[in-house]
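Summary of structural features
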Amino acid sequence: MTPETPQLTAAGIDPFDESVYRAVLTRRTAAPAELTADLGCSAERVVRALDRLRDHGLVGRLAGSRRRYAAIEPGAAVEALVRARSNELERVRSAADELSRLFAAARTGATYEDEVEITTGSEALGRWFVRLQQEAHEDVMTLDRPPYALTTSNPVEASALGRGVRYRAVYAPEALEWPGVLDDIRELVRHGEQARVMPGLGIKLAIADRKLALMPLSLDLKNGVRAAVIRPSTLLDALTSYWEMCWKQALPLNAPAEDPLDEEDRLVLTLLVSGLKDEAIARQLGWSVRTMRRRISRLHDLLGAANRFQAGVIAARRGWL
């Protein structure tokens, strides 16, 4: 096997990221610009790879105002990476029995009182969602996307936030297009909710204190609503791990304020890189499309970006998103 052949793919490392890691190993320490010259690619691509490598524990950023990275000793770093991937796969394997039971329950209408219970109807789903939040003591984690069985608002959350429950919500971009949803989210953020947005959410999910979860079994509300109430089990562990993965990949809606952007500028950037169309963004912010595009043009000039993707990358690198 030649040195250029990717060897870390099975451990979850992208081939390009591995080439960046090898380049850092060769230099011992390196700045992104040096690696850009070595690899013949853009600085933005190298920086994104270095950030992923740091998340995987393969490189560390050195102290100082200028970006410079050092490779972590491969023996220990790769072994930790393999061990983490093995643990993840083991959790998935151990969830197979629980997933099979959930599948059987959905087909037969049976319940498993100790682990999984199937509830039917919009009102029952609403009651469970309220109960889940009222019984939470520490943490509520959600994945939110349309359609909505009853209402888009969540009046229970504000009172739960007031008694110290931490809320972390990942929203699908489609949710932000529903009338009033974006205003509701911004109000909840002011009360303490941590909100992020991520394209491609395929499920709706709520988890309280990592001890109780509520998950609709279908997004087709025309044929009735069925949802699973999931108690401590390997299935709950797997769903919690999936939520954590979504949270890490999602883009914050409440970005830091120590930058030249105001709140609306940061919100526009977030919605842009989340995939919403110009018309949908303008509608949510109460602007005309012409006003919104003029605002985007100003942001592009401020960031030195040629398009919305570049604007998102540059803003993220500066810590504005």
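So, the sheet that holds strand β11 (residues 251-252)
Spatial ordering of the open sheet is given by β4-β10-β9-β8-β5-β6-β7-β11, a layout of 8 strands whose pairing is mixed. The sheet is open, and its two borders are formed by β4 (116-120) and β11, each paired with just one other strand. As paired strands, strand β9 (residues 212-216) and strand β10 (residues 226-230) are joined by 4 bridges and run antiparallel to one another. Directly across from P216, in β10, lies its bridge partner A227.

Focus: the packing of helix α9 (residues 181-191) against helix α11 (residues 263-273)
Helix-helix packing is characterised by the crossing angle of the two axes and by the distance between the axes. Contact pair α9 / α11: the axes reach a minimum separation of 14 Å and the direction vectors enclose 125 degrees. By the criterion of interaxial angle, the relationship of α9 to α11 is oblique. For the pair α9 and α11, the sense of crossing is right-handed. In this structure, α9 uses L182, R186 and R190 to contact α11, whose residues at the interface are E263, E264, L267 and L271. Residues belonging to the contact of α9 with α11 are distributed by class as follows: 3 nonpolar, no polar and 4 charged.

Brief notes about unusual backbone geometry
The linkage connecting P146 with the following residue, P147, adopts the cis geometry, with an omega of 0 degrees. Along the chain, P147 falls in the loop between β5 (139-144) and α7 (155-162). Here the phi dihedral of D209 falls at roughly 55 degrees; this positive angle occurs in a residue that is not glycine. For D209, the location among the structural elements is in the loop between β8 (205-208) and β9. On the basis of relative accessible area, D209 is assigned to the buried category, the value being 17%. One non-glycine residue, R210, adopts positive backbone phi at about 60 degrees. Exposure remark for R210: the relative accessible area of 39% places this residue in the partly exposed category.

Observations concerning the environment of E263
Relative to the helices and strands, E263 is located in helix α11. Considering only alpha carbons, one finds E263 and L253, 10 residues apart in sequence, at a separation of 9.8 Å. Contacts of E263, omitting those with residues within four sequence positions, involve R186 and R190.

Conventions used here
Residues numbered from 1 in each chain as written. Predicted model: local features only at pLDDT ≥ 70, side-chain atom pairs only at ≥ 80, totals over all residues. Heavy atoms only, no water. Pairing = 2+ DSSP bridges. Helix = DSSP H or I, 4+ residues; strand = E, 2+ residues; numbered from the N terminus. Axes fitted to C-alpha atoms, helices over the stretch in contact; angles between N-to-C directions. Parallel < 35°, antiparallel > 145°, perpendicular 65-115°, else oblique. Left-handed = near helix turned anticlockwise from the far one by under 90°. Contact = heavy atoms within 4.5 Å. Nonpolar A, V, L, I, M, F, W, Y, C, P; charged D, E, K, R; others polar. Buried < 20%, exposed > 50% of the residue type's maximum accessible area, 1.4 Å probe, protein only.

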